[in-house]
Amino acid sequence: MTLRQLFLAGQRAQISVARATGMAASLSVRVRNADGGTLCAKPVAAPQADCAWLPLFTERYAIEIENGGSAPATFYLVIR
């Protein structure tokens with residue numbers, strides 16, 4: 001799943017991704033800037049994965065959540 005979210009320059013940006021309780025899915029999260037550069041790439045391990053950064057420019061960032069397993073996955077995404 002990929003979604004684009006606007007973050008404002010000079011204001012701390014943070015996202016958190018957590019697997020639903022009891023899920024053994026192989027999830028990972030990646031955040032990319034408008035130029036395609038990776039700001040954060042982490043596996044979603046127990047209890048969650050967090051990415052935080054300070055945007056230099058107001059722009060849309062791509063938040064990519066990938067399920068590397070064969071079973072469906074349920075997760076929670078928090079954008080702060």
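Residues numbered from 1 in each chain as written. Predicted model: local features only at pLDDT ≥ 70, side-chain atom pairs only at ≥ 80, totals over all residues. Heavy atoms only, no water.

### Side note on the environment of asparagine 33
Link 1 in the chain: In this structure, asparagine 33 sits in the loop between β3 (27-32) and β4 (38-43).
Link 2 in the chain: With a relative accessible area of 22%, asparagine 33 lands in the partly exposed category.
Link 3 in the chain: Taking the C-alpha atoms as reference points, asparagine 33 and threonine 2, separated by 31 residues in sequence, lie 13 Å from one another.
Link 4 in the chain: Setting aside its immediate chain neighbours within four residues, asparagine 33 contacts Leu39, Glu59, Arg60 and Tyr61.
Link 5 in the chain: Among the polar contacts made by the side chain of asparagine 33, one reaches the main-chain amide nitrogen of aspartate 35 at a distance of 3.1 Å.
Link 6 in the chain: Reaching out from asparagine 33, the side chain makes a polar contact with the backbone nitrogen of glycine 37 at a distance of 2.8 Å. (Helix = DSSP H or I, 4+ residues; strand = E, 2+ residues; numbered from the N terminus. Buried < 20%, exposed > 50% of the residue type's maximum accessible area, 1.4 Å probe, protein only. Contact = heavy atoms within 4.5 Å. Polar contact = N/O pair within 3.5 Å; in protein donor to acceptor, adjacent residues only side chain to side chain.)

### A look at the state of the cysteines
Note on terminology: disulfide describes a covalent bond linking the sulfur atoms of two cysteines.
Link 1 in the chain: Counting across every chain of the model gives 1 disulfide.
Link 2 in the chain: At a sulfur-sulfur separation of 1.9 Å, the disulfide partner of cysteine 40 is cysteine 51. Between cysteine 40 and cysteine 51, the S-S torsion sits near -60 degrees, and that sign places the bridge as left-handed. Residue cysteine 40 is found in strand β4, and its partner cysteine 51 is found in strand β5 (residues 49-53); the two are separated by 11 residues along the sequence.
Link 3 in the chain: Judged by relative accessible area, which is 10%, cysteine 40 ranks as buried. (Disulfide = S-S within 2.5 Å.)

### Overview of the pattern of salt bridges
Between side chains of opposite charge, a pair can form when the charged atoms approach closely.
Link 1 in the chain: Enumeration according to the criterion identifies 2 salt bridges in this entry.
Link 2 in the chain: Residue arginine 30 is joined to glutamate 64 by a salt bridge in which the shortest nitrogen-to-oxygen separation is 3.8 Å. Of this pair, arginine 30 sits in strand β3 while glutamate 64 sits in strand β6 (residues 59-67); the two residues are 34 residues apart in sequence, bridging distant segments of the chain.
Link 3 in the chain: According to the relative accessible area criterion, arginine 30 is partly exposed, its value standing at 29%.
Link 4 in the chain: A salt bridge links glutamate 64 to arginine 32; the shortest N-O distance between them is 3.1 Å. Within this pair, whereas glutamate 64 is found in strand β6, its partner arginine 32 is found in strand β3, the two being separated by 32 residues in sequence.
Link 5 in the chain: Among the charged side chains, a network of salt bridges with common partners joins Arg30, Arg32 and Glu64. (Salt bridge = Lys/Arg side-chain N within 4 Å of Asp/Glu carboxyl O.)

Distances and angles like these do not, on their own, reveal function.
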